[in-house]
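Each chain, written out:
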Amino acid sequence: MPEAPLDPIRLRELLTFYADAGVDEALAEEPINRFAEESARPAVRDAAPVMAEERAAKPGSSTGAPPIAARPAPVPMPPAAAIPDEAQAARAREIARQARTLDELKAILAEFDGCNLRFTAKNLVFADGNPEADLMLVGEAPGREEDLQGLPFVGRSGQLLDRMLAAIGRDRTTAYIANVIPWRPPGNRDPSPLETEICRPFIERHIELAAPKILVTLGNPSTKLLLNTQTGIMRLRGTWSVHKTQDGQEIPTMPTLHPAYLLRNPAHKKLAWRDLLAVKVRLRELSA
Ligand code: URA
C-alpha cells in the first residue's frame, strides 16, 4: 500500500533533521546498493560474448544459433578505483613524485581516479592564494562552498581564516592555502584513513613544491598527518614543530586551531591569535 504523504510540518522536521546530519543532496527515493549491483553485472571486458549471444537470441538472427535466455545489457564499469585500497595509495605515492611544478601537480590530481571522493565532489579544490608566499596554511578537506567554487576556505570558516590572517597583516596575496584532502567528502563526513593515505602524497608534494618558510596546520587531522603524530591539537597548538619533506626541507610548523572549531568555540579564538602572533614573529625573523 502506498504510504500517505507526510504533512508539511513533519516533512519540514524531517528535512531539518537530514540537513543537521549533513545530508545536502537529494539523489534518489530509495538507497541503492551499488556494490551488490557490481557483482551482479558483467564487466565491460565480457561485453563482446554477451552481445554475440544476444544477437543470436534475436528472431531472424543469421547465426542460426538456438535462442538463449535474455541477459541484461552490459553497463560500462565505473573506473576501477571507486573503492579506496592500498594499491591506489601506492599509485598516488608514485605519481605525486612525478610532478615537477605546482601546475603539473594540479594536472596530475585532476586526472587521478584513485580516490573515490573525486566521484562525488563537484570540483577539485587544489589551492588558493600566492604559491610564492613564505607562509602556507593547510586545512583538512573542502566543505560545500569550497566544492562549489573549487577553492579552499571560502565558506564561513574561510571568512574567519581571512580575519585570522588579517590579524597578522596577511591575506591571500601573501599566504598560500590548501587542504590535506582536495575533494569534498560527501555530506562533509570525515575522510576515512585510507582516503587520507591516498591523498597524503599529493599534499606532501604540494608543500615540497611550494616550499614555504613557515607552515601552519589547521586543526587535528592536518596536524597529525603532516607532523606524523598521534598527539592531539590541544596539546600541540602553540608549539613549533618541523615538517620534513622528502627532498630534505625542514619547515618550521605551527599547529593551531581550525577556524571551524573556533566558530563553535569562540572563547578559544585567543589561543589561535597567540599562535598566529608567534608565526608573525618567526616570519619577521626569517626575513630579516
Ligand atoms: N575546512 C577545511 O579544512 N578546509 C576548507 O577548505 C574549508 C573548511
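Please read these numbers as outputs of a predicted model, since none were measured by experiment.

A. Fine view of helix α5 (residues 102-111). Buried within α5 are the following residues: Leu102, Leu105, Ile108 and Leu109. In a view along the axis of α5, the buried residues occupy a sector of 120 degrees, so they form one face of it. In α5, the exposed positions that point more than 90 degrees away from the buried face belong to Asp103 and Glu111. Where α5 is buried, its residues meet α4 (86-98), α6 (117-120), β3 (176-179) and α9 (193-210).

B. View of the confidence of the model for the protein chain. Across the protein chain, the average pLDDT comes to 84, with 75% of residues at 70 or higher. Low pLDDT, under 50, characterises residues 39-69; the stretch is placed with 27 contacts to residues that sit more than four places away or in other chains.

C. Fine view of a nonpolar patch on the surface. Among the surface-exposed residues, Leu6, Leu11, Leu14 and Leu15 lie close enough to one another that they form a single nonpolar patch of about 320 Å² accessible area. As for its placement among the helices and strands, leucine 14 is situated in helix α1 (residues 8-20). Taking the relative accessible area as the measure of exposure, leucine 14 reaches 33% and is therefore partly exposed.

D. Fine view of the side chain of glutamine 88. Looking at the element boundaries, glutamine 88 is found in helix α4. For glutamine 88, the side chain forms a polar contact with the side chain of arginine 91, separated by 2.6 Å.

E. Summary view of the pairing of β3. Every second residue of β3 is oriented toward a common face, with Tyr176 and Ala178 on one face and Ile177 and Asn179 on the other, all of them buried. Examined bridge by bridge, strand β1 (residues 128-129) and β3 share two bridges and lie antiparallel to one another. Opposite aspartate 128, over in β3, you have isoleucine 177 as the bridge partner. With four bridges connecting them, strand β2 (residues 135-139) and β3 associate as parallel partners.

F. Representation of the sheet that holds strand β6 (residues 250-256) in the model. Sheet architecture is open: six strands sit in the order β1-β3-β2-β4-β6-β5, paired in mixed fashion. The open sheet has two edge strands with one neighbour each: β1 and β5 (241-244). Running over the sheet, helix α13 (residues 269-287) touches β2, β4 (214-218) and β6 and is turned about 160 degrees from β6.

G. Main features of the pattern of salt bridges. A full pass over the atoms with the stated rule returns twelve salt bridges. Between glutamate 208 and arginine 97 there is a salt bridge, with the nearest N and O atoms lying 2.8 Å from each other. Linking glutamate 208 in helix α9 with arginine 97 in helix α4, this pair joins segments that are 111 residues apart in sequence. The class for glutamate 208 is buried, based on a relative accessible area of 4%. When the shortest N-O distance is used, the salt bridge between glutamate 104 and arginine 100 registers 2.7 Å. Residue class for arginine 100 comes out exposed when judged on its relative accessible area of 64%. One continuous salt-bridge network, built from bridges that share partners, spans Arg97, Arg205 and Glu208.

H. Looking closely at α4. The end-to-end C-alpha distance of α4 is 19 Å, a good match for the 18 Å that 13 residues give at a rise of 1.5 Å each. Among the residues making up α4, those that are buried are Gln88, Ala89, Ala92, Ile95 and Ala96. Down the axis of α4, the buried set is contained in an arc of 135 degrees. They therefore lie on one face. Across from the buried face of α4, at angles greater than 90 degrees, the exposed residues are Ala87 and Glu94.

I. Layout of the nonpolar core. Of all hydrophobic cores here, the largest spans 32 residues; its most connected members are Phe112, Met136, Val138, Trp183, Phe202, Ile203 and Ile207. When contributions to this core are tallied by element, the ones reaching two or more residues are α4, α5, β2, β3, α9 and α10 (220-226). Of the residues forming this core, the biggest block, six residues, is contributed by α9. Ignoring sequence-local partners within four residues, the contact set of isoleucine 203 consists of Met136, Val138, Ala178, Asn179, Val180, Leu225 and Leu226. Counting residues in each nonpolar core, the second largest holds 22 residues, with Val216, Leu218, Leu257 and Ala272 among its members.

Conventions we followed
- Residues numbered from 1 in each chain as written.
- Predicted model: local features only at pLDDT ≥ 70, side-chain atom pairs only at ≥ 80, totals over all residues.
- Heavy atoms only, no water.
- Buried < 20%, exposed > 50% of the residue type's maximum accessible area, 1.4 Å probe, protein only.
- Helix = DSSP H or I, 4+ residues; strand = E, 2+ residues; numbered from the N terminus.
- Arc of directions from axis to C-beta.
- Contact = heavy atoms within 4.5 Å.
- pLDDT = per-residue confidence, 0-100.
- Patch = residues over 30% accessible without salt bridge, like charges linked within 9 Å, V, L, I, M, F, W, Y side chains within 5 Å.
- Areas by Shrake-Rupley, 256 points an atom, 1.4 Å probe, with all protein chains shown as cover.
- Salt bridge = Lys/Arg side-chain N within 4 Å of Asp/Glu carboxyl O.
- Polar contact = N/O pair within 3.5 Å; in protein donor to acceptor, adjacent residues only side chain to side chain.
- Pairing = 2+ DSSP bridges.
- Axes fitted to C-alpha atoms, helices over the stretch in contact; angles between N-to-C directions.
- Expected span 1.5 Å × (residues − 1).
- Core = buried A, V, L, I, M, F, W, Y, C linked by side-chain atoms within 4.5 Å.

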